[in-house]
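Residues per chain, in single letters:
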Amino acid sequence: MPRFFTRQSLIGERQIETQTGVVMGKFGHLYEQQYAVALFNKVRFDIEGGGSPQPQLLHRKIPLENKSIFSGSLFQYLDENKKWRNRFFFVPDSYNISYYDNKAAHDRHLHPKGTINCAGCKVLTSIEQYMDLISNCLPGVKAKLGSSPFLKCATQFPLILWHPYARHYYFCVATEKEQQKWHAVLLDCVRHANDGLSEEKKIQTPAFTDAVRLYRQAQGHYGTWEMMCGEPSQILSNLVMEGLLPVLRDLISPRLKGKLHDRQRNWMLISDAVYSLVQGQCQAQYEAVLQKCEVARSSLEASIRTDMDQIITSKEHITNKIREVVLHKSEKLLKVSIQPYISSILDALMEPTSRGFAEVRDVFFRELVDMSKNTLNDGTKEALAQHMEKISMLAFHPVKMQSCYEKVEQLSLEGLQQRFDVSSPSVFVQRAQILMREQMDDAVYTFEQILHQSLESQTTEELCKTIQRCQDRVIKKFDYDSSTVRKRFFREALLQIFIPYMLKQLSPSCAPELPRFQELIFEDFSSFILVENIFEEVVLHSVMKDIMMAVKEAAVQRRHNLYRDSIVLSNSDPSLHLLGENPSIDWAGEYGGTQEEGQVEVSNKRRRVKQVVSMIQIEGSPALPSESCMEVPGVNDILEEDGEEEEEDEEEENSDVKASPDKNESTSPKASEYAPDEVSQVHTLLPPYRVSCTQNIKVKSRPLKDICGSS
């Protein structure tokens, strides 16, 4: 911790520990309550089950096995000596960036100089953007007009990782093309790190997100929260810093001395030191709470299974009582303040999101068209395998996916954010981008499996026809799944916007009446039935009918290529999902042709370090004019992955080859068959409002616990 901070004794480690303990104590109490409710909901769901539209595409369980994302050299600004150094950066499948003194240190498996977790960061590409952000960090401390920034970039192409509490990282590159590529990679690192809560943890994740949400609501903070990102310890640290940082700033800001840049720099050092301290304490205390809950799990689950029917009956009784108090107030608020805005907000969500998914479809289609063209020229399975090696990781290629992500970044809720307390549309943008990446990988993986199965019985002469048949099947399935995922996303997003607003408006009049209903619950059931959760469930169901209807109408009108809930594919593949258990195809190993023993060894080594994106830098090129810089590649010494440059040129030449569902029916046949009505379930897309509901708005399997939970 900086000397200034400790000498002044404004807030020492004990005070920080006390503040963290207060927050974690309140959070821990809420977490224990919500853990029991989440456990009840899971057990109930396991017993009763629940239906949802069967996805047509296969899902890859471990998509990045034995893969890395990117590596290459960057200039990094070092705070210790205020100089720029050339360092080697490696982005593994975890997306936690490691950096080394040079590539040789990485190849020798030496310990990295540092590791960067990008959760909560913003990626900036200009010094001006950065100065705008840090100029707001200290109240009353403003830079004079025209004053030079404390950071002078070694090139014209900076890259900066900014975090509201933690350390900032400064990089730069030699060319604009490098900057664009690294910018896409860093954005992908942020996107992945922000999505840090696993949906596979059916108890811990809902309990955690609900506890955080309820804590913030108790502090008067409703609506979306941009810092609900990262792993639990990071989110909890953000929760502590949300209250601690203003106190620090008020105490420290008046006593910071020196030039403006020195004060800004000292403040950032203090903030980072406090954040690191808080994160360590949060991690330890969260693990203790989690362990306590896990120890009690077996006895709680035994009670649930023994008294399931009585708990459900008691919950329904309490729900009816609370509904009598809340419903008329909720419906009045809904009519005046919610219904007039549903359609306009849905339109604002649908257009950029659907454009993004359409771009995913087009990128996937163009890659397959390119592969078909090359197969015509060199119609061997070995050549096909080389193309499939590249296509197999298409969803995780940040540069190729960037055009898809940019479409949804145009999402704007301007004019509605303040009314409904939406801090930023970035919560929805990043979630949509994660879903787009998942859809792309599902499409690629399904195509891989179908093509691989077809190749077993096809001759070389029939490769193009085989590719075309597989392509048509996968595109059709993609359109169906894209519609299903987007409809769920729209429902979740509308809930994310409206429910906090309604709770904020209704809580002052309804919350004081809730304690009397807790007395009606048997003590043995009180751990699994919380009146606060039931209150929120009643509010949610009052608005869910209108949300479901708005999305359904959009699907009936076929807006943005949405399908009706009752539509299923006419030619489903009942046996296709058996292929979903297969591992990813090793195309190079299976169709790479005969190799000498030495070649096999080299090939295996190459596969072990295979990157999704490739940048090769040439040694011996002139250094940039900075005495603190080691030698780096010159402007024109950046090489692409073999064939990548040619592929990009071909994409430009063939940019008119699209597979729009309205323009190319032969490539993407439309669904036309109907199936019996089935239970539709909104899965965990946008915490904290996860919903299980039938079309007539009856929760059958999971009440609000699986409903209300965070980005």
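Worth saying up front: this structure is predicted, and the values here are computed from it rather than measured.

Participant: Could you give an account of the overall build of the protein, naming the residues involved and the relevant values?
Facilitator: Broken down by element type, the protein carries 18 helices and 13 strands. In the form shown here, the protein has an accessible surface area of approximately 32,000 Å², with 49% of it arising from carbon and sulfur atoms.

Participant: So what's going on with the pattern of salt bridges? Which residues, and what values?
Facilitator: Inspection of the entire model under this criterion finds 25 salt bridges. When the shortest N-O distance is used, the salt bridge between R213 and D210 registers 3.4 Å. Separated by three residues within a single helix, R213 and D210 lie in helix 6 (residues 204–218), roughly one turn from each other. A residue is classified by how much of its surface remains accessible, and D210, at 0% relative accessible area, is buried. Among the ionic pairs, E513 bridges to R516, the shortest N-O distance being 3.4 Å. You can call E513 partly exposed: its relative accessible area is 25%. One salt-bridge network, in which partners are shared between bridges, spans R60, D441 and E448.

Participant: Describe in detail the sheet that holds strand 2 (residues 83–92), supporting the description with residues and values.
Facilitator: For sheets, the rule is that strands pair by backbone hydrogen bonds, running either parallel or antiparallel. An order of 4-3-2-1-7-6-5 is seen for the seven strands of this open sheet, with the pairing classed as antiparallel. Each of the sheet's edge strands pairs with one partner strand only, and the pair in question is strand 4 (114–116) and strand 5 (122–124). Sheet twist, expressed as the mean angle between neighbouring strand axes with direction ignored, is 35°. The pairing of strand 3 (residues 97–100) with strand 4 spans three bridges and is classified as antiparallel.

Participant: If you had to explain helix 4 (residues 127–134) to someone new, which residues and values would you point to?
Facilitator: Those residues of helix 4 lying buried are I127, Y130, M131 and I134. Take helix 4 and look down its axis: the buried residues cluster within an arc of 100°, on one side only. Turned more than 90 degrees off the buried face of helix 4, the exposed positions are E128 and D132. On its buried side, helix 4 packs onto strand 5, strand 6 (157–162), strand 7 (169–173) and helix 8 (260–377).

Participant: Just give me the short version of the environment of V190, but keep the residues and values in it.
Facilitator: Within the secondary structure layout, V190 lies in helix 5 (residues 176–194). According to the relative accessible area criterion, V190 is buried, its value standing at 4%. If we skip the residues at most four places from it in the chain, V190 touches C118, C121, V123, L161 and Q430.

Participant: Talk me through the pairing of strand 6; I want residue IDs and the actual numbers.
Facilitator: Most of strand 6 is tucked away: six of the six residues are buried. With burial as the criterion, each face of strand 6 is covered, one bearing F157, L159 and L161 and the other bearing P158, I160 and W162. Strand direction decides the pairing type here: strand 5 and strand 6, joined by three bridges, are antiparallel. Bridge pairing in strand 6 places V123 opposite L161. As paired elements, strand 6 and strand 7 share five bridges and run antiparallel to each other. Note on strand 7: the bridge partner recorded for L161 is Y169. Where strand 6 hands over to strand 7, the hairpin turn is made up of six residues, counted between the paired strands.

How each quantity is defined
Each chain carries its own residue numbering, running from 1 in the direction its sequence is written. Given that this is a predicted model, residues contribute local features only at a pLDDT of at least 70 and side-chain atom pairs are listed and counted only at 80 or more, while totals for whole chains, interfaces and linings are drawn from all residues. Hydrogens and water molecules were not included; the side-chain quantities draw on all heavy atoms of the structure. Put simply, DSSP H or I for four residues or longer makes a helix, DSSP E for two residues or longer makes a strand, and each gets a number counted from the N terminus. Accessibility throughout is a Shrake-Rupley quantity obtained with a 1.4 Å probe, and a residue counts as covered only by protein chains that appear here. Salt bridges are defined as contacts in which a side-chain nitrogen from Lys or Arg sits within 4 Å of a carboxyl oxygen from Asp or Glu. In this scheme, a residue with accessible area under 20% of its type's maximum is buried, one over 50% is exposed, and one in between is partly exposed, where area comes from a 1.4 Å probe on protein chains only. Strands pair, by our definition, only if DSSP identifies at least two bridges between them. For helices, the axis comes from a line fit to the C-alpha atoms of the stretch in contact; other axes are also lines fit to C-alpha atoms, and the angle between any two N-to-C directions lies between 0 and 180 degrees. For this quantity, the arc is that covered by the directions from the helix axis to the C-beta atoms. The contact rule is simple, with two residues in contact once any of their heavy atoms fall within 4.5 Å.

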